[in-house]
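# Working through the structure, step by step
Next come the chains, spelled out residue by residue.
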Amino acid sequence: MLNHYPRLQRSFPHLQINLSVEPLGITQLEKAVDFDIRLGANPNPDWHSDLLLPEDICLAGSPDFVKKHGLTGRKPLIEELVNLPLLHLDQGEYGIHWIGSYFAEFDISYAPDPATMYFNSYPHLVQAATEGRGLCLLWRHLNGGALEDGDLVEIQGTRVTGQSGYYLTCRIAAKNEPGFSNVRRWMMNACQMTIIRSEQ
């Protein structure tokens, strides 16, 4: 939503919009915030959840990396990719796919090499992939324009849709209030336009 933040503020000038970023969503602050964007629906029964972006992922690498490993213009066997340099973000701590669970979708067992380096943020992971350091597990609708600009290339046949995604959540008691419903609708439309543009 950071890309949309200036337009969001202009669209609702009468609202005070403060952003707070927490890695695992809100917990202790649930009574102090109006909206929460989180991975997975909010398990709190007092909160309503709207899907903003589905977990639509693929393996991607820089054009030079793809060319170097003979992946240009062809659909490789998934087994081939296990032995290539792979960039890691986590091991499933956030309830979304990591490289191990991704390969499990294809019935392939995978264990990271003990020397594997993990990145502590998704933007750093994407940046490392654009620099040609390896393949990364990329959210197709959250890549900073890397796919659209040609900085990263989606490996053919590696697209997977997971069961999770980013959700916009708010208290059920407030979700239909005019201010809340207007902001909810705006944010959902903005994310839908992001999905449409990334598929063009």
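A short tour of the structure in this document, coming up. The model shown is predicted, which means the values in this text are computed figures rather than measured ones.

The rules behind each value
- Residues numbered from 1 in each chain as written.
- Predicted model: local features only at pLDDT ≥ 70, side-chain atom pairs only at ≥ 80, totals over all residues.
- Heavy atoms only, no water.
- Core = buried A, V, L, I, M, F, W, Y, C linked by side-chain atoms within 4.5 Å.
- Buried < 20%, exposed > 50% of the residue type's maximum accessible area, 1.4 Å probe, protein only.
- Helix = DSSP H or I, 4+ residues; strand = E, 2+ residues; numbered from the N terminus.
- Phe/Tyr/Trp six-rings, centres within 6.5 Å; stacked < 30°, edge-to-face > 60°.
- Polar contact = N/O pair within 3.5 Å; in protein donor to acceptor, adjacent residues only side chain to side chain.
- Contact = heavy atoms within 4.5 Å.

Of all hydrophobic cores here, the largest spans 34 residues; its most connected members are L81, F103 and L138. Of all the secondary-structure elements, those providing two or more residues to this core are β2 (47-61), α2 (63-68), α3 (78-81), α4 (99-104), α5 (122-130) and β3 (136-139). It is α5 that provides the largest number of residues to this core, a total of five residues. L8, F12, M187 and I195 belong to the second-largest nonpolar core, a separate cluster that totals 12 residues.

Overall, the coordinates contain five aromatic pairs when judged by the stated rule. The structure contains a cluster of three or more aromatic residues connected by ring pairs, namely Y102, F103, F106 and Y110.

On to the side chain of H48, then. Structurally, H48 is set in strand β2. Within the structure, H48 has its side chain in polar contact with the side chain of R184 (distance 3.4 Å). The residues contacting H48, other than those within four sequence positions of it, are L168, T169, C170, R171, I172, K175 and R184.

Nothing here speaks to function; it is all geometry.
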